[in-house]
Structures are given as C-alpha cells and as structure tokens.
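Fold and contact review
If you want the building blocks of each chain, they are given just below.
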4 protein chains.
Amino acid sequence: MIVSFASDNTAGTSKEIIEAIAAANEGYVKPYAFDEYSNQSDVIFGKIFGDVTVCYTLSGTGANVVALKTMLRPWQGVICADIAHINTEEAGAPEVITGSKLLPVPSYNGKINIANMKQYLVDKNDFHKVSPRVVSITQSTEKGTLYTIDEIKEICDFAHENDLLVHMDGSRIANAVAALGCDIKAMTRDVGVDVLSFGGAKNGLIIGEAVVFFNKKLARDYMTMRKQSLQLISKMRFISAQFNEFFKNDLWLNNARHANSMAQYLAQELGKIKGLSVQEPDVNAVFVCMDKKLIDKLSQEFYFYVTNPEIKEVRFMSSFQTTKEEIDYLVQRIKSLAE
Amino acid sequence: MIVSFASDNTAGTSKEIIEAIAAANEGYVKPYAFDEYSNQSDVIFGKIFGDVTVCYTLSGTGANVVALKTMLRPWQGVICADIAHINTEEAGAPEVITGSKLLPVPSYNGKINIANMKQYLVDKNDFHKVSPRVVSITQSTEKGTLYTIDEIKEICDFAHENDLLVHMDGSRIANAVAALGCDIKAMTRDVGVDVLSFGGAKNGLIIGEAVVFFNKKLARDYMTMRKQSLQLISKMRFISAQFNEFFKNDLWLNNARHANSMAQYLAQELGKIKGLSVQEPDVNAVFVCMDKKLIDKLSQEFYFYVTNPEIKEVRFMSSFQTTKEEIDYLVQRIKSLAE
Amino acid sequence: MIVSFASDNTAGTSKEIIEAIAAANEGYVKPYAFDEYSNQSDVIFGKIFGDVTVCYTLSGTGANVVALKTMLRPWQGVICADIAHINTEEAGAPEVITGSKLLPVPSYNGKINIANMKQYLVDKNDFHKVSPRVVSITQSTEKGTLYTIDEIKEICDFAHENDLLVHMDGSRIANAVAALGCDIKAMTRDVGVDVLSFGGAKNGLIIGEAVVFFNKKLARDYMTMRKQSLQLISKMRFISAQFNEFFKNDLWLNNARHANSMAQYLAQELGKIKGLSVQEPDVNAVFVCMDKKLIDKLSQEFYFYVTNPEIKEVRFMSSFQTTKEEIDYLVQRIKSLAE
Amino acid sequence: MIVSFASDNTAGTSKEIIEAIAAANEGYVKPYAFDEYSNQSDVIFGKIFGDVTVCYTLSGTGANVVALKTMLRPWQGVICADIAHINTEEAGAPEVITGSKLLPVPSYNGKINIANMKQYLVDKNDFHKVSPRVVSITQSTEKGTLYTIDEIKEICDFAHENDLLVHMDGSRIANAVAALGCDIKAMTRDVGVDVLSFGGAKNGLIIGEAVVFFNKKLARDYMTMRKQSLQLISKMRFISAQFNEFFKNDLWLNNARHANSMAQYLAQELGKIKGLSVQEPDVNAVFVCMDKKLIDKLSQEFYFYVTNPEIKEVRFMSSFQTTKEEIDYLVQRIKSLAE
C-alpha cells in the first residue's frame, strides 16, 4: 500500500494495543462491560476527570449520537457548525437516530461563535421551531484548528445562561490536549462541558470511543440507550483493554504529540518549497494550496484528500504511525514533481 | 474468573483471530472497508453463497437492524416470534432505529408457524394496521432448537406468496449448520431466505457480524444506511481480517461443532444424575430443570442463567472455548451439591 | 345512505356544533389556539378537572401519540392491552411517531390486570429490554366494557409504586362517565391517572380531541411537540368552539347517555329474538352472535362490523344520532330475516 | 378583535364553506374518506390534474410530511431553501416524523437555484452523507414571491436528470395561480412536479389540505401512511365537503384573486406615503420598511409581524376576508401615526 496522508484513520494501531487485546483473551468474563477490564477503564477515567459516568461506544458517530440522545427530546435541537462532523459526515444519524434536528451556524476556521448562535435563541419560545437544547463544538475542529480554553468557557457560560447543554465532539481531543499543553479536564469539565465524546480510533485504537458524562444525571439510562443505539457488543473487554493500554504510560498523549509534531515538521518543510501556500497546523492536519497538475501527479503516488478544488487546497494528515522518513519522502516527491 | 456456562459470549476469541488482527496491523489502508482485507472477505462470502452483497456490522443487534431497515418502510412491520431476540433482547432498536413495528406471534420451542402468521395477513389491506412486510426467523432459535430445511422452505414459500420478505437472524447459524450437517447455502439462499444476519461474535470472533443480502436490490444503499445505523468504523480491516481467518481451515464450523459437541456431552453426563430433567440439545444450549437449592448453591461456583424460575429451569451454554475438563468439573460439582 | 351501526364515527355532528362553528366564524383571531374560544375551553377544562394543561388535537390517534410522547424517552415503553387501539388500530403511530415500543399484555373482556403487567417489571433494570414507563388503559374499552373506579385506582397505585405513569385512552370516556354515573374527575385524576386522551369525535364532534395533563410537568413543551406531531392547525378556534358547545348544557354527557341508552334498548329487544346470543352492553356497543346466513343478509341492508367470524359475532354500535326508530327497524328486519 | 394583517390564517372561512359543512351533516356515511363527499373530491381533483392520487390531510405541515415520507428512505434527504417552511416553521416534523434530513441551500427572495443545489450532488455517492432524493420548492414562496413556470420546469428537469423527485409546497398555490393567470396543471404536473401539497386553510378553508401525487407509484401505501402520520380523522366527509365547495364556482381562485388584489391595493396606497419603503407584492404579502417608532405605535392597533427588525421590515398579509375598508383604515392610521 502506498503511504497515506489521507486521514489518521488510515493508520493501524499501536503494537501495545494488539498486545493488550491478546492479553485480555483469557478465560471467561461477564459480557456487556461488567468485566474487570471495563471496571479498570472506569477507574482510569475517574482519575482523569473526577466523578463521571463513562459509556464506551464503537464509533465516533456512535459516541456523538449516544451523547446527544441523552440530552434531547424530539422537539429539541442542537446548535452546531455548518461543517460539523455531526452535520455533514454522519449520514444523518444525529437526526435520524436521536429523532431531533440540527441547527447549523456558520463556522470560521472550523469554529463557531456566540453571535451566530443567538439567532436560534430569539425564537426560543416559538413553538413552530425546534427548541435549541444543546450546543455542540468540535475540539480540535474539522478544519484542524483549536478553540482556546477561554473560548470554550465563554461558549459554555453562554449556553448555561440560556438553559443549553454543551457537547464536545472530541474525536481528536488528544491532539488538542497535546497542542495546548493543558490538562484535559481543564479543557472540558472545568470550563463547563456537560458531555464529551472522547476519541480513540483516530488516535491509534482499533475500535473504541467513550462518552464521558460530567453531568451524570444525563447518563441515568445510558445502558439501555447504548444497547438501543447499537453501540454495545458482548465482548466489551476487548474495547476496555484498549483504553486501559491507551492510558498506561500516556500512550494516548504520546500518540497525539507525535502526530502533531509530524504535521509541524511537514508544514515546515513544505514551507520551503516555492509555489505552495501552507497553512500553519494547530494539530495534525496540514492544509496546502498547490498547482492542479501537481495535485494530480501526487495523487498517483500518495493517498490524501483534495479538500477544496476551487482553491486547489489539499489536506495532509499525520497520525501516530507517520514517520519522519515518510514525510521526507513526500516532500522530496513534491519537490521533484513541482519542477 | 469462575467457569462460565452463561452464554457463548462470555468466551474470548480463538488464538488465530488474535494473530489475524495483529497481521492486519501493517501499513496504511483505505478506511471504511475499501481495503484488501475487506475485498477478500467479500470474495469468500461470494464463494459460499454465490452473488451476494455483504454488509459487515459491529453487533448482532446492529446486523438485524441494518437487515430489517433495508426491507421496511415505516408503515410496514415484521412478523416474528414473541420470544425473538429482536422482540425482547434488543432494547427496542428494531422499532426505534428502523422506525417500524414488530408483529409478534406465539412460538413453540422457539419456532413459529404459518398458521399463526395468518392473523396478520387477514387485515393486510387494513390501513389502520401496520402492513406486514417481513417474516423474521432465528436459526438456531433462542430456545436452542432448529428449524429443518423443509420448515424454512415452507415459511419462505408462504412469505413470498404473500408478498413478504424473509429475514433470518443467524447469530448462531454456524451451530445450526454444524448440527444439521448441511451446506449453509442450502439452509438459506436455496430455500428462499432474502437476507441473513450471519453471526460472528457468539462463535468466537471478538467483534463482527455480516448481513448477507441474497436479494441484492435491497442492498442498494447499504453503505449510507450502515453509516447512519452506526455500524461503520473506519478501520474495517480489523473486522474483515477476523472473517477471513474465520473461514480459513473452517474455523467457523469447527468452533460451532466443538460447542455443539460439548453441549451434547454435558447433556449426556447430566442425564446420568438423578433428579435432573435434561432437555436434549440441538445445538450448544442445554436446558435443565433442577432443585431450587441446587441452583442457588451452583450459582455461587459457576456463571449461568436461570431461564425459567417457575419450573426451575437453567441454561448451560457451551462455546468454542469450553473444554471437556470444565464440563467434567461442572458435572462433578452438581453431583456433589445434589447430595 | 343505509342506516349504520358500524361505529359511532359514522354519525355526523349535533346541530349545535354546526351552529357553534358558524358563530366562531367572525372577524380575525389569533391562530394556533391563542384565541378567545380556546381560552374559554381551557377555563372549562379547568372547572371540570382542576389545574390542568390541555392540548387540543385533531384525531384520537393524535391525542394518544401526543400524550405518550411527552411521557417517554426512546428506550422506554408502554404496557398496554394486546387489543388496545394504540397497539392494533393506529398503524404503528405510537411506536413510529413517539419512537418507542409498546409492551402488550393479554386482555380479558378488553381489560388488563396487574398480574400480567409484572412480567415487564421483573426485568426493569435489564438493559437489553425497553424500560416500561407508562401503563395505558382504555376507558370504556375496545370491547365495550368498563373498568370500575376501584380497578383504575388499583392500576394507578401499582403503576406509581413502580415508577410508571398512567395514560388513559378516553376516546369514549363520556360513555364511561354516563354509564358509571360518576364524576369524570373521580374516574381519572382523583384515582391517579396522569394523562387523559379525552375523546370528542366519537361522541358527536366533527373533529377534535383533548389531551388533559393532570401531571402538568409532562406538558412543559407541549406546544412545540404538538406542532411537530402534526396536531396543530392554524384556525384552532373552530376546534375550541366545538368543545365549548360540547360542555354547554352537558351536550357531551347527553350525547353519551343517549348512545348508551340506545344500545341498552337494542340489546333488550334483540334479547327477545330466539337464536341470538346477546352480550349485555356496558356502554354503546352491543355484541351479538347470530347465524352466518342472517349476518350475510343483514349486511346488505345495514352497515355494521363482524367482529369475530369464528363465533359469528357482530357488533352494533349506537351513537348520539341513533334513533329509537332506527333500532326498531333493525330489530324488525332481523326478525323477518331470521324466519 | 382588532383588524389583522398578520397572516391569511387569522381569517375565518367563507360563508359557503360553513354551509357546505352543515349540508354534509346528514345521515350516516362511511368513515375514513370512503364516503360520497370524498369520492366527489377525488373526481374534481382528477378533472383539474388528470389521473392522480389525492391524500387529504389536516394541516399544511401534515401535507408536507406525508408527501415527503412517501418519497424518502431514512438515509435520503431533501434539498430545500434555508427559509423553507419545512426547514424553519414545522418544529422539526419533516426530520423527526419522516426520519430523514433536510439539506438547506441559500435562497434569494425566497427562491432557490440549481447552482446551489449542486453542492449536494457532488457527493451523491459519498456514504458519509445523506443522499439527496427530493428537491422541495414553495410556490408562492415564504417571501411572497413567485417562481415562473420556466423556472419550475428548469428545476424539475435538473432534478430528474439527477434522479431526484420534486415536491412543491403549495400552501399558497392558489395565490400563485391567480397571480400568474395560468392553469394550475401547467404550473405543476406539466412541468414535472412529482408531488404537490395543495393548500386549503390559508385560502379560506377551516381545515384541510391535499397531497396530490402526480407520480402515483409513490402513493401506493398512502392510506396506512396517512393514518400513521396522524393525518386521518374518521369524519373525513367534513373535509371533503369543504374541498367540493372550494372548487364550485371557482371559490378557491376567487378567494386567492381577492387576497392578491387587496395586497396590490395596499402596496399602491402605502407607496404614496413618504418615508415607507414598499416592496411590490407578487401575491398577498406586502413587505414594508418603516420607522421603528411607527411600527411600535401601529402594533398597538393592528396585528401584523415584524419580519426583519434590523431593517425595520414588517409584513402585511391579506386574505380572502380582507376588505378595502380595512385597508383604507390601515393606510389612514399609518399616515396619522407617521406624522
């Protein structure tokens, strides 16, 4: 297979994760997350976040749907970015499976602001309209950018003042934590996030995400709801075992740090090439504008996405698995092909 | 952990499956089942069943929901056994996620019959009622029994004569194939089944089921629908790699044969103990009636389910992992405790 | 048109109702039930039931769905009679539109009992199953029978002890009130009913039902929810005006009393005819078993339903509009045809 | 009650409609639209549109939902204007009750164009996204503007070339027909519309809309689906009788013509007042920008909506019931208050 910079999900998994799965394959254990591995995961999340309820799920979309479903009645809606993953990349699951409506607002570099949210609050008592109940933000964003902790706090404060709950889609939250160099609790619970979708697969797990309920009341019936939302498997020990390994020796953070640093290295090297317009990466995605012919040639040798054909923008995404050699090779090929 | 006869899902996975997962962890591959492992799985299913569309899913409930969702409009319903897994053990997902209604009929030893289905067809044009559109049967059944191939054919013929489709919940279909000693295609496609939920996890996979569409028209939009139904993960290679191993050297059949034979051995040994009433197992579940006090004592040493407290019936279920020694130990403890 | 005993919904409406509609057709009024007619209806319901929230709807199915939707999250279910209107005559709306599941129990003469409800409470914490949250009973029942007030209280007490809410489908509650000669509040709120679907159309309105929330917290968002559930029209004054007339001079009770008395008269007269087996009517439905040939002949002259072909049972239903002459004519024709 | 220019739904109904309802109140008729009044309505719609299936519904939102539900599977979506009634004024019913997703595009004077629709077709085979299946346009639009017949044809052609169906929300289609002076069939079926929501209540009916299926295959199961969608009442004769009257002597067209001409008269008179910015009305809505203080004073005497506070825009809407005297009075008051 050719080298891929398409997404962090084209990578495999860390060797330690495979070993953890193999190690969990011993004897009989209770199904449905009543096993020792799952208990251990709960303890770990508790150490990180304090008193929380954690609901392990199978996919990022699954995590978002489970999170939102606990927060919503059918006549309530979710304010989110127009380009939010839940709005554009989840095949309508957030509407169809939760049975409610998304309320998109414009985004700027992937981020949303309070001014734009207000349009939905003017009419909050208008019974012809879905009642906004949740604000969902993505950290790091779909555009590879970051909210500052202050920005998150400001959104949470605004939300709570308006009787709204805050969901954070953190499918790449590890990259955000690594980039901001802060504590994950300081970026989420401490500033008012109510429910977090904590990502695993994009940061090196095979399969596994976790919905972390800071607002535990919302989680009351999560077990029945997760089952109904098709996010429960019997052999949950193999999910939990991955998470336990993830947090041992800071694998999750090291994976994210590595991915981020590879993106920075790539951006730095690409910046040296004439004719490319390189956007400084906040986390692990490098957006570059380049000549159409160059894109075409390059796409025969590497796997990556054209994110905006009009401005000839492509995205190179690094992962825990990306090596300096792979980047050097990519940069060298771009140089050659550009000539 | 104590020895478990609670369900075949308290077991782990075959060693070969772990190795297959480890082997699949190499390089970059396209996400969302566009990888070589998934292509290979498709080829294998094609060899077994002929020209089919296969949709890999994450859980058995997920497989059933995806299968049914392709077959139904919201005003159509599913005739199924009152005790069907879809009716009692899937937390309402078949109704809520497909957005339709189940139409239960009485079951006898886990099986349903045509006479009882007819009540829903009398009113087929009554617009006050959900229109029956699918008959769903489980093979092997929730009671550990089997439909004969002729019985399946009879149900399929009846269904098709009445413009109904047939779904088979085959979460334990390997056990059925092993028990009946027939070809799996002969038990499904050849007698008229339209869509099959092919089980993996209960027969030794870590995670993974497959919806097999014999009626390929139904599968037209399955990719979007699977994503919406929260059954798609990015790193599908790790699901497909399990299936590929499953079919290599007949692992799937050998696992099922072993589980079945262990159940037969257990039934035979229990049959020798006075005071127990043992039901002859068709597949890998042994139902036994025994003294209440014995049940209580035994449940402190083993993990199993009381399936009917009124008649003091318990279920011992074997799996690919169950050993003769474990059964001997169980039998010996029952003997001791019974005295 | 031939005389109809098919259902109370084959009748038209009282002359007073037409006049009330005509009188309401004056000037401009605020749409969506913010008009004076609707305010007046609210006051009337308040006088009858005390402090309540009333949500006017368009159909009986609509009333039931709105009522249930306020009480349920998607993973919760509704215990009801197997023959309940919500289970068999509403085309799946209670499942599909509320997004939850019905949990049927056997019925005896249309009524359900606590013993049968308990099966769903054994497993109340089993996350593989929908959690029961509501008990729904019909008064008067689909079989034309009645719960006593004590029976209703017993069910409500049981429900509340088990953290369940009680819904009453009262599409024919006026007939029940007339038959039992009690106060409607004594039969509903006073014994613990949480939400009542109060019927209009089967008792002489053109169109219009009312969901009465005794548990007002449940009604918090009813306006948005009613709109979403397609039960809101702009010109609600024409619904409210009907209700106002309905309660003036006890039209609603007089209509029901008349329908009931006509059924009693019919049963009495039919009882005199040899060869008929007549069930004593509690309200306005007379169930009669008669010769198959007689049924066939009669159905060419009158409009009525065969409710059970096996036992040759037919149903004659009276309405506010049924006259003694129509009944005499029916009885006379049966006599003639029976000879 | 003060004079209302808030909406055409603050009016009552034509005297003839009341008389038609009274006349339909005779004898017994079959419920659920199997009566003679409903047969007659079907014949009338057939004369207007040719061979169609007509599904009468209770509200405009109900009509839209029923129309869309027949056209969609859950993983398919509806391209519509950002300001479409289905997107902003139906409390999420189009998503929640059909179980699918709306795909909004920008609108210009209420209208959408093909260029903007194309964004959803680029990704038509992207299984991460809802598949567009329907284009929904509103005629006349929410902004009181009109598509020309050519524009409708162009959209229909584009839709069909891309395997999309076309829905027209015609809650005010009579106003469009009156304004364009064309045949209603020429504006809908003849140019390719597949399903039309034909409006009644905003043009003078008490209650009643009709979904007209030009593509009859879509309507196959409409009766069960209407019941499930809570749009069926038993006494449908009282809906059909209104429609029959509506079409007798062109009442529907005369109502619309009158409303349109009143709007034109109002615009003409307001145009004479200095300081007002008046938008020329296409149908029965006049948008006017005026001084904030004037708005405040005026709203104490008349009932109307402020449609855009930022530009101080208000909407005056006329109806079949609006009189020249009412308009003269409004104009005179504006003049007085403006001074």
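Residues numbered from 1 in each chain as written. Chains lettered and ligands numbered in written order. Predicted model: local features only at pLDDT ≥ 70, side-chain atom pairs only at ≥ 80, totals over all residues. Heavy atoms only, no water.

Details of the overall build of chain A
Cut-off, in case you're wondering: A run of DSSP states H or I qualifies as a helix once it reaches four residues; a run of E qualifies as a strand once it reaches two. Both are numbered from the N-terminal end. Note that the radius of gyration is over C-alpha atoms, with the globule rule given as 2.2 Å times the number of residues to the power 0.38. To sort residues, take the accessible area from a 1.4 Å probe on protein chains only and compare it with the maximum for the residue type: under 20% means buried, over 50% means exposed, and anything in between is partly exposed. Residue contacts are defined here by distance: any two heavy atoms, one from each residue, within 4.5 Å place the two residues in contact.
On a plain count of helices and strands, chain A comes out with 14 helices and eleven strands. Its C-alpha atoms give chain A a radius of gyration of 20 Å, within 12% of the compact-globule value 20 Å for 339 residues. A principal-axis box enclosing the C-alpha atoms of chain A has dimensions of 60 × 60 × 35 Å. A burial count over chain A gives 67% of its 339 residues as buried. A separation of at least 24 residues holds for 74% of the contacts in chain A among residues at least 6 apart in sequence.

Focus on the pattern of salt bridges
Inclusion rule: Salt bridge, as applied in this entry: a Lys or Arg side-chain nitrogen positioned within 4 Å of an Asp or Glu carboxyl oxygen.
Summed over all chains, the structure comprises 56 salt bridges over all chains. The salt bridge involving Asp296(B) is made with Lys292(B); its shortest N-O contact spans 2.9 Å. Remark: Lys292(B) and Asp296(B) occur in helix α13 (residues 292–298); sequence separation between them is four residues, near one turn of the helix. The class for Asp296(B) is partly exposed, based on a relative accessible area of 34%. Note on Lys292(B): relative accessible area 47%, which makes it partly exposed. In this structure, Asp157(D) engages Lys153(D) in a salt bridge whose closest nitrogen and oxygen atoms are separated by 2.8 Å. Of this pair, Asp157(D) and Lys153(D) are both found in helix α7 (residues 149–161), four residues apart, which corresponds to roughly one turn of the helix. Relative accessible area serves as the criterion here: at 37%, Lys153(D) is assigned to the partly exposed category.

What about the relation of the copies chain B and chain A?
We count it as follows: The superposition of copies rests on a least-squares fit of C-alpha positions from residues with pLDDT of 70 or more in both.
For these two chains of identical sequence, chain B goes onto chain A by a turn of 180° and a shift of 0.0 Å along the axis, with RMSD 0.0 Å. What the rotation and shift describe, once combined, is the action of a two-fold rotation axis. In this assembly the copies share their binding face: 98% of the residues contributing to the interface of chain B also contribute to that of chain A.

Observations concerning the relation of the copies chain D and chain B
You can overlay chain D on chain B at an RMSD of 0.0 Å; the transform is a turn of 180° with a shift of 0.0 Å along its axis. Taken as a fraction of all interface residues of chain D, those also at the interface in chain B reach 100%, which identifies the copy contact as same-surface.

Some points on the side chain of Ser131(B)
Considering the arrangement of structural elements, one finds Ser131(B) in strand β4 (residues 131–138). We classify Ser131(B) as buried; its relative accessible area is 12%. Look past the residues within four positions of Ser131(B) in its chain and what remains in contact with it is Trp75(B), Gln76(B), Gly77(B), Lys124(B) and Thr224(D).

Digging into the environment of Lys101(C)
Counted only if it meets this: Pairing of N or O atoms within 3.5 Å defines a polar contact, subject to two protein rules: one partner must be a possible hydrogen donor and the other a possible acceptor, and residues neighboring in sequence count only if both atoms are side-chain atoms.
Looking at the secondary structure, you find Lys101(C) in strand β3 (residues 101–105). Residue classification places Lys101(C) among the buried residues on the basis of a relative accessible area of 6%. Taking the C-alpha atoms as reference, Lys101(C) lies 7.9 Å from Pro74(C); in sequence the two are 27 residues apart. For Lys101(C), the contacting residues outside a window of four places in its chain are Asn87(B), Gly92(B), Glu95(B), Leu102(B), Gln76(C), Gly77(C), Val78(C), Glu95(C) and Val130(C). A polar contact of 2.8 Å, which involves the side chain of Lys101(C), links it to the side chain of Asn87(B).

Some words on helix α7 (residues 149–161) of chain B
Structural remark: α-helix, 3.6 residues per turn; residues separated by three or four positions point the same way. Residue and element names in this part refer to chain B. Operational definition: A helix is expected to reach a length of 1.5 Å times the quantity of its residues less one. To obtain the arc, one takes the directions from the helix axis to the C-beta atoms.
The end-to-end C-alpha separation of α7 is 18 Å, in line with the 18 Å expected for 13 residues at 1.5 Å each. By the burial criterion, the buried members of α7 are Ile152, Ile155, Cys156, Phe158 and Ala159. Burial along α7 is one-sided: seen end-on, the buried residues are contained in an arc of 165°. Looking at α7, the residues exposed on the side facing more than 90 degrees away from the buried face are Asp150 and Glu161. In the core, the buried residues of α7 are packed alongside α6 (114–122), β4, β5 (165–170) and α9 (184–187). Just beyond α7, the residue with positive phi is Asp163, at close to 60°.

Quick notes on the confidence of the model for chain A
As a reminder, the rule being used: Confidence scores per residue from the predictor, reported as pLDDT, run from 0 to 100.
Of all residues in chain A, 100% have pLDDT values of 70 or greater, and the mean over the chain is 96. With a pTM of 0.97, the predicted complex shows an ipTM of 0.96.

Structural notes on the sheet that holds strand β2 (residues 76–81) of chain B
Residue and element names in this part refer to chain B. What counts, and what does not: The pairing criterion for strands is at least two bridges between them, as found by DSSP. Every axis in this analysis is a line fitted to C-alpha atoms, fitted for helices over the stretch in contact. Angles between the N-to-C directions lie between 0 and 180 degrees.
The strand order across the open sheet formed by seven strands is β1-β7-β6-β5-β4-β2-β3, and the pairing between neighbours is mixed. If you trace the sheet from one side to the other, it starts and ends with β1 (53–57) and β3 (101–105), each paired once. On average, adjacent strands in this sheet sit at an angle of 25° to one another, irrespective of strand direction. As paired strands, β4 and β5 are joined by five bridges and run parallel to one another. Directly across from Val135, in β5, lies its bridge partner Val166. In the packing of helix α2 (residues 36–49) onto the sheet, the strands contacted are β1, β6 (195–198) and β7 (209–213), and the crossing angle to β1 comes to about 125°.

Structural notes on the interface of chain D and chain B
Here is the rule we go by: Residues are grouped as follows: Ala, Val, Leu, Ile, Met, Phe, Trp, Tyr, Cys and Pro are nonpolar; Asp, Glu, Lys and Arg are charged; every other residue, Gly included, is polar.
At the junction of the two partners, chain D supplies 22 residues and chain B supplies 22 residues. In this assembly, chain D and chain B are joined by zero salt bridges. Along the contact surface separating chain D from chain B lie twelve residue pairs in polar contact (both at pLDDT 80 or more). Within the residue set of the side of chain D that touches chain B, elements represented by two or more residues are α3 (60–71) and α10 (222–228) of chain D. The biggest single contributor to the side of chain D that touches chain B is α10(D), with five residues. Here the side of chain D that touches chain B is composed, by residue class, of ten nonpolar, six polar and six charged.

A closer look at the interface of chain B and chain A
Basically, it comes down to this: Using a 1.4 Å probe, buried area is obtained as the accessible area two parts lose upon being combined, added over both of them.
The interface is formed by 57 residues belonging to chain B together with 56 residues belonging to chain A. Roughly 4500 Å² of surface becomes buried between chain B and chain A when both sides are summed, with 61% attributable to carbon and sulfur atoms. Counting the surface chain B buries against chain A, the share from its top three residues, Tyr28(B), Leu230(B) and Lys235(B), is 21%. Where chain B packs against chain A, one counts 28 residue pairs in polar contact (both at pLDDT 80 or more). Contributions of two or more residues to the side of chain B that touches chain A are made by α1 (15–24), α3 (60–71), α5 (93–96), α10 (222–228) and α11 (237–247) of chain B. No other element matches the four residues that α3(B) contributes to the side of chain B that touches chain A. Classifying every residue of the side of chain B that touches chain A gives 26 nonpolar, 22 polar and nine charged.

Notes on the sheet that holds strand β8 (residues 277–278) of chain C
Residue and element names in this part refer to chain C. Spatially, β8-β9-β11-β10 is the arrangement adopted by the four strands of the open sheet, whose pairing is antiparallel. Two strands bound the open sheet, and with one partner strand each, they are β8 and β10 (305–308). Of the strand pairs in this sheet, β8 and strand β9 (residues 285–289) are connected by two bridges, and their pairing is antiparallel. Within β9, the position partnered with Ser277 by the bridge is Cys289. Sitting on the sheet, helix α12 (residues 251–270) touches β8, β9 and β11 (313–317), and the angle it makes with β9 is about 20°.

As for the packing of aromatic side chains
Stated precisely, the cut-off is as follows: Side-chain rings of Phe, Tyr and Trp (the six-membered ring for Trp) are treated as a pair once their centres are within 6.5 Å; stacked means planes under 30 degrees apart, edge-to-face means over 60, and tilted covers the remaining angles.
This structure, assessed with the given rule, holds 84 aromatic pairs over all chains. Relative to Tyr32(D), the ring of Phe127(B) lies with its centre 5.9 Å away and its plane at 75°, an arrangement referred to as edge-to-face. Linking Phe127(B) in the loop between α6 and β4 with Tyr32(D) in the loop between α1 (15–24) and α2 (36–49), this pair reaches from one chain into another. Residue classification places Tyr32(D) among the buried positions, given a relative accessible area of 15%. A network of ring pairs unites the aromatic residues Phe45(A), Phe49(A), Tyr56(A), Phe198(A), Phe214(A), Phe243(A), Phe246(A), Phe247(A) and Trp252(A) as a single cluster.

What about the packing of α11(B) against helix α12 (residues 251–270) of chain B?
Residue and element names in this part refer to chain B. How we decide: Orientation labels follow simple angle bins: below 35 degrees gives roughly parallel, above 145 gives roughly antiparallel, 65 to 115 gives roughly perpendicular, and whatever is left gives oblique.
At their nearest, the axes of α11 and α12 sit 5 Å apart, and the two run at 70° to each other. It follows from the interaxial angle that α11 and α12 lie roughly perpendicular. Contact with α11, carried on its side by Glu245, Phe246 and Phe247, involves Leu251, Trp252 and Asn255 of α12 and no other residues of that element. Considering only residue class, the contact of α11 with α12 consists of four nonpolar, one polar and one charged.

Some words on the side chain of Thr138(A)
All names here are of chain A. In this fold, Thr138 is placed in strand β4 (residues 131–138). At 2.9 Å, the side chain of Thr138 and the side chain of Glu142 are in polar contact. Apart from residues no more than four positions distant in its own chain, Thr138 is found in contact with Tyr147 and Asp169.

Observations concerning the environment of Ala159(A)
All names here are of chain A. Relative to the helices and strands, Ala159 resides in helix α7 (residues 149–161). Each C-alpha atom, one on Ala159 and one on Asn125, is 16 Å from the other, the two residues being 34 residues apart in sequence. The contacts of Ala159, once residues within four sequence positions are left out, are Val135, Leu164 and Val166.

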